[in-house]
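Okay, here's what each chain looks like letter by letter:
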Amino acid sequence: NYAFSNALLGNFNTYSEASLRTYSHYRYLQSEFYAQDSWKATNKLTLEFGIRFYSSPATHDVRQFLTTFVPSTYNASTAAVMYRPAIDPATNRRAAVDPRTGTIAPITYIGLFVPGSGNYAPGMVIGGQGAPDGLYTTPFSVAPRFGFAFDPQGNGKTAIRGGFGVFYDRPQGNVYSGTVGQPPVSFNPTVAFGNLDTFLQATGVVGPPGVTVVESAEQKLPMTMNFSFGIQRELGFRSVIDVSYVGSLARHLINQQNINSIPMYSRFDPANRDTTTASSPLPDNYLRPYLGMGAINMRTFDGTSNYHGLQMSVNRRLTNGLQFGVSYTYSKSLGVSNGDFGGLSNYFPWRSWNYGPLGYDIRHMAVINYNYDVPNLGQRFNNKILGIITDNWQISGITQFMSGTPFTPGFSTTDGQDITGSQEGARINLLSDPYLPKSERTFDRNYRSDAFGRPAVRTFGTAGVNIMRNPSWNNWDMSFSKRFPMGNETRFFQLRGEFYNIWNHTQFNGYNNTARFNPAGQQINAAFSQLSSTRDPRKVQLSLRFMF
């Protein structure tokens, strides 16, 4: 029991090493072709037609290191036997036991496989050996597109435009991240309580592998359907207004779900109690549907998202030294996951449990951009000294006003109670409307913390997805530049200063959103709903350039 002495003697508690170092060689051949036509039907109407064809097979590994889980090949009777927890009669201490023979093993072997007792990766196959080379296949895909532009008056001052298009994309390469070098290609055996003199001869033991896999089936390519309808009108003063509806529907996005979760409430079932402990359930690997396997995080191509937006803008072309644009967007971004491989519920329908505003949904956004050439007073009054100070200045900037991104408060407990008895944790309970009028908000209190409660045992909470909003914010970025001509207009020095968050006002972007409950259900985090984070302060960038 003296760590320094054990180190000198070469003794160790555990040692693990992969049985094979795997490096993949990825290949794919993608082919696309298209046809398109532009038809000026009348002097006022132009039509655009197009169609694109995709042959986009999955990437494959020429070394055949890709692996996946195929449920139809799983056979529980072939799975290796796991050591189970027991009390060693010789020492009256907790240990691992081979349930077939009663042979005692070190306690660290609980939940690991008895060597030579069966298949260490039941249901796992290798790409090109029991599964397609790229683990999945894709169909030949067709993407039509259509657009039109209509000038109702024929004078070029009004345009009505619209269109619809289907677009496909091959999955990003890291759809295979985690699938390379898993069992049965490579294992990671562990040697317990060994010595450096003998560990090379030890075989070690392995346990049920936790794997990341891609569903071995025909998968439709990730697809986006974009559509829009808008009206543009010249206002005069070299300005144009644009009002448009813009939509986008994404289908066949890559999601991830653990298909080997323990049944709901399994940890509360008395039949699953570990009798060698005071009250703990057996480890999860004894309770899974596919025994002999750990978590099976399967990636499938069935996620969805959608965007709908009203987009308005007014733009003025450069006239008399002034150019500007003002735009406003009211939009919604909804879906089941913020990005590829988003984890989805193992117990509830995705539409009811995971669907809601996406983490990057910004409901309101207004942006103003401008560029102004300051009048040359020195040139106007023919005063060179005045011109050195006032001439050749330019001011430009971008000003933004945006609503905050959505979130759902989380929670923790002081007693560490397992609330769901399942592999999916509970959300916080929503008891009432958490909205707090702006007149009542302070630095320490920005929404009603008493609107949330601790979920009861054997429940999953009542809060939805992204039901609240972080603080809205505004930001001003500006630049000031001055030219110093050197004899003629083609050679000059330019002194430029760029100011980000020029007014240096504090821009809060988050709250303390984690409640903490004691066993009585009282919320004890005094900072809950308090402002907690900010965006960057003012940053200044200066430059001096010689242009010629």
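Numbering of residues starts from 1 in each chain and follows the order in which that chain's sequence is written. Residue-level local features of this predicted model are given only where pLDDT is at least 70; pairs of side-chain atoms are given and counted only at 80 or more, and the full residue set underlies all totals for whole chains, interfaces and linings. As a rule here, side-chain values cover all heavy atoms of the structure and leave hydrogens and water aside.

Description of the pattern of salt bridges
Opposite charge on two side chains permits them to pair, given that their charged atoms come into close proximity. Take a side-chain nitrogen of Lys or Arg and a carboxyl oxygen of Asp or Glu: if they are within 4 Å of each other, that pair is a salt bridge. Taken as a whole, this structure holds 10 salt bridges when the rule is applied. Note that Arg 363 is salt-bridged to Asp 361, the shortest N-O span being 3.0 Å. Classification of residues uses two cut-offs on accessible area relative to the type maximum, computed with a 1.4 Å probe and protein chains only: under 20% is buried, over 50% is exposed, and between them is partly exposed. Judged by relative accessible area, which is 18%, Arg 363 ranks as buried. Among the residues examined, Asp 361 registers a relative accessible area of 0% and is labelled buried. Notably, a salt bridge pairs Lys 539 with Asp 536, separated by 3.4 Å at the nearest N-O pair. A residue is classified by how much of its surface remains accessible, and Lys 539, at 45% relative accessible area, is partly exposed. A single salt-bridge network, built from bridges that share partners, covers Arg 267, Asp 284 and Asp 418.

What about the sheet that holds strand 10 (residues 124–127)?
Only strands joined by at least two bridges in the DSSP assignment are considered to pair. For the purposes of this entry, the term helix denotes a DSSP run of H or I that reaches at least four residues, the term strand denotes a run of E that reaches at least two, and both are numbered from the N terminus. Strand order across the open sheet formed by three strands is 6-10-11, with mixed pairing between neighbours. On the outer flanks of this sheet lie strand 6 (67–69) and strand 11 (130–131), each paired with one strand and no other. Pairing of strand 10 with strand 11, which is carried by two bridges, proceeds in the parallel orientation. Among the inter-strand pairings, Gly 127 is bridged to a residue of strand 11, identified as Ala 131.

Some details on the packing of aromatic side chains
A pair of aromatic rings is counted whenever rings of Phe, Tyr or Trp (Trp by its six-membered ring) have centres within 6.5 Å, and the orientation is called stacked for planes under 30 degrees apart, edge-to-face for over 60 and tilted otherwise. Taken as a whole, this structure holds 37 aromatic pairs when the rule is applied. Judged by centre distance (5.4 Å) and plane angle (5°), the rings of Phe 113 and Tyr 120 are stacked. Look at Tyr 120 and you get partly exposed, because its relative accessible area is 24%. Geometrically, the ring pair formed by Phe 401 and Trp 476 is edge-to-face, given 6.4 Å between the ring centres and 80° between the ring planes. In this pair, Phe 401 sits in strand 23 (residues 393–402) while Trp 476 sits in strand 29 (residues 473–485), placing the two residues 75 residues apart along the sequence.

Points about the side chain of Ser 337
With respect to the helices and strands, the residue Ser 337 is situated in the loop between strand 19 (322–335) and strand 20 (342–343). Within the local environment of Ser 337, its side chain forms a polar contact with the backbone oxygen of Gly 339, the two atoms lying 2.9 Å apart. From its side chain, Ser 337 meets the backbone nitrogen of Gly 342 in a polar contact 3.5 Å long. The term polar contact refers here to a pair of N or O atoms within 3.5 Å; inside protein, the definition further demands a hydrogen-donor-capable atom paired with an acceptor-capable atom, and it admits residues adjacent in sequence only when both atoms are side-chain atoms.

Worth remembering: the numbers are spatial, not functional.
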